[in-house]
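Listed below are the residues making up each chain.
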Amino acid sequence: MKLNRTTQRTIEILKLISQSPEGATLDDICKKLDLPKTSGYDIVTTLAEMNMVNVAKGQKQSYTIGLMAYRIGVNYTNNLDFIGTIEPVLKAFSKEVGKTVFFGIPSDHHVVYICKFEPENPIITTATVGSRNPMYCTSLGKVILAYSSEEEREKMISRIKFTQYTEWTVKNKEQLMEELERVRERGYAFDAREMEEHMQCVGAPVFDRAGNVLGAISVSSLYKPSEDYDALGKLVWDKGAEVSGLLGFLGKI
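Fair warning: this is a prediction, and the values are worked out from it, not measured in the lab.

Visitor: Kindly report on the nonpolar core, identifying the contributing residues and their values.
Guide: If you look at the biggest cluster of nonpolar residues, it comprises 26 residues, and the most contacted ones within it are Leu90, Phe103 and Val236. Going through the elements one at a time, α5 (81-97), β4 (100-107), β5 (110-117), β8 (199-207), β9 (213-222) and α9 (229-246) are the ones with two or more residues in this core. If you tally residues by element for this core, the top one is α5, at 7 residues. Setting aside chain neighbours within four positions, we find Phe103 in contact with Phe82, Ile86, Leu90, Val112, Tyr113, Ile114, Cys115, Val206, Leu214, Gly215, Ala216 and Ile217. Grouped together as the second largest cluster of nonpolar side chains are 25 residues, Phe102, Val143, Val183 and Ala189 included.

This is the structure:
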């Protein structure tokens, strides 16, 4: 079967960009893929116009994976068998705790919401399936960072630009690293009104068969000073362990 050369080059460029969280320049792309600059330029500008890649301005333009590529990836992930496996468990968990339950996966230094399960009387949350939020101020993102390998964690953190969404938002890398240490000690993470002042979220990791952090689950609700969020965290941790077991993880978390 004869392959279309331009299509092949486009996919190779997307793969290369996806493996370069710091961004790939046109020079990088053409050198690594042995492409003429005119061909490389035509492809990346087309990809940028279609939101498949983002363009970062600087001394030299660099390219990172764009929102449309994320959405295509999310649509693929939604069709994976593991979604069908975890969906009834998390749906029942949402009903059990009477709160909104999310499942999210890492995407560069963001977390993408893959599934959302709501109780009978849900609260309104800004997060929707397919949307993404920064890792450093979400419970999902924090547990993913905490349980990623040191190398992967450093890659993701190096891309973060710390923005203050509320007065409780993590302010810098030092504060984040301290928080991640606490996450590993207790097994769950908080978004303690860091994204939205009225919302409190608790997240725990989900591991794949090989013991790598696949993503995370979280429980979100309106903040209540009287609620025991550590007790809720233990429930979420247990549910994360259950889901990990369903996905074939047999080790000890």
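Read on for the rest.
Visitor: Can you tell me about the pattern of salt bridges, naming the residues and giving the values?
Guide: Going through the model one piece at a time under the given rule, you end up with 13 salt bridges. The salt bridge involving Arg182 is made with Glu179; its shortest N-O contact spans 2.8 Å. Taken together, the positions of Arg182 and Glu179, both in helix α8 (residues 173-186) and 3 residues apart, correspond to about one turn of that helix. Residue classification places Glu179 among the buried positions, given a relative accessible area of 10%. Here the salt bridges do not stand alone but share partners, grouping Lys142, Glu179, Arg182, Arg186 and Glu194 into one network.

Visitor: Describe the sheet that holds strand β7 (residues 189-192), with residues and values.
Guide: Across the sheet, 6 strands lie side by side as β6-β5-β4-β9-β8-β7; this open sheet has antiparallel pairing. In the strand order of this sheet, the two ends are held by β6 (132-134) and β7, each with one partner. The average angle at which neighbouring strand axes cross in this sheet is 30 degrees, direction not considered. Relative to β6, β5 runs antiparallel, the two being bridged by 3 bridges. What sits directly across from Val112, in β6, is Arg132. Against the sheet, α9 engages β7, β8 and β9, with an angle of about 30 degrees to β8.

Visitor: Could you give an account of the packing of aromatic side chains, naming the residues involved and the relevant values?
Guide: Applying the stated criterion across every chain yields a total of 5 aromatic pairs. Ring centres of Phe102 and Tyr113 lie 5.1 Å apart, and the angle between their planes is 65 degrees; on these two criteria the pair is classed as edge-to-face. Taken together, the positions of Phe102 in strand β4 and Tyr113 in strand β5 put the pair 11 residues apart, joining distant regions of the chain. Accessibility classification places Phe102 together with Tyr113 in one group, the buried group. Their ring planes at 90 degrees and their centres at 5.7 Å tell us that Tyr147 and Phe207 sit as a pair that is edge-to-face. Residue Tyr147 is found in helix α6 (residues 139-147), and its partner Phe207 is found in strand β8; the two are separated by 60 residues along the sequence. Here Tyr147 falls in the partly exposed class, since its relative accessible area comes to 22%.

Calculation criteria
Residues numbered from 1 in each chain as written. Predicted model: local features only at pLDDT ≥ 70, side-chain atom pairs only at ≥ 80, totals over all residues. Heavy atoms only, no water. Core = buried A, V, L, I, M, F, W, Y, C linked by side-chain atoms within 4.5 Å. Buried < 20%, exposed > 50% of the residue type's maximum accessible area, 1.4 Å probe, protein only. Helix = DSSP H or I, 4+ residues; strand = E, 2+ residues; numbered from the N terminus. Contact = heavy atoms within 4.5 Å. Salt bridge = Lys/Arg side-chain N within 4 Å of Asp/Glu carboxyl O. Pairing = 2+ DSSP bridges. Axes fitted to C-alpha atoms, helices over the stretch in contact; angles between N-to-C directions. Phe/Tyr/Trp six-rings, centres within 6.5 Å; stacked < 30°, edge-to-face > 60°.

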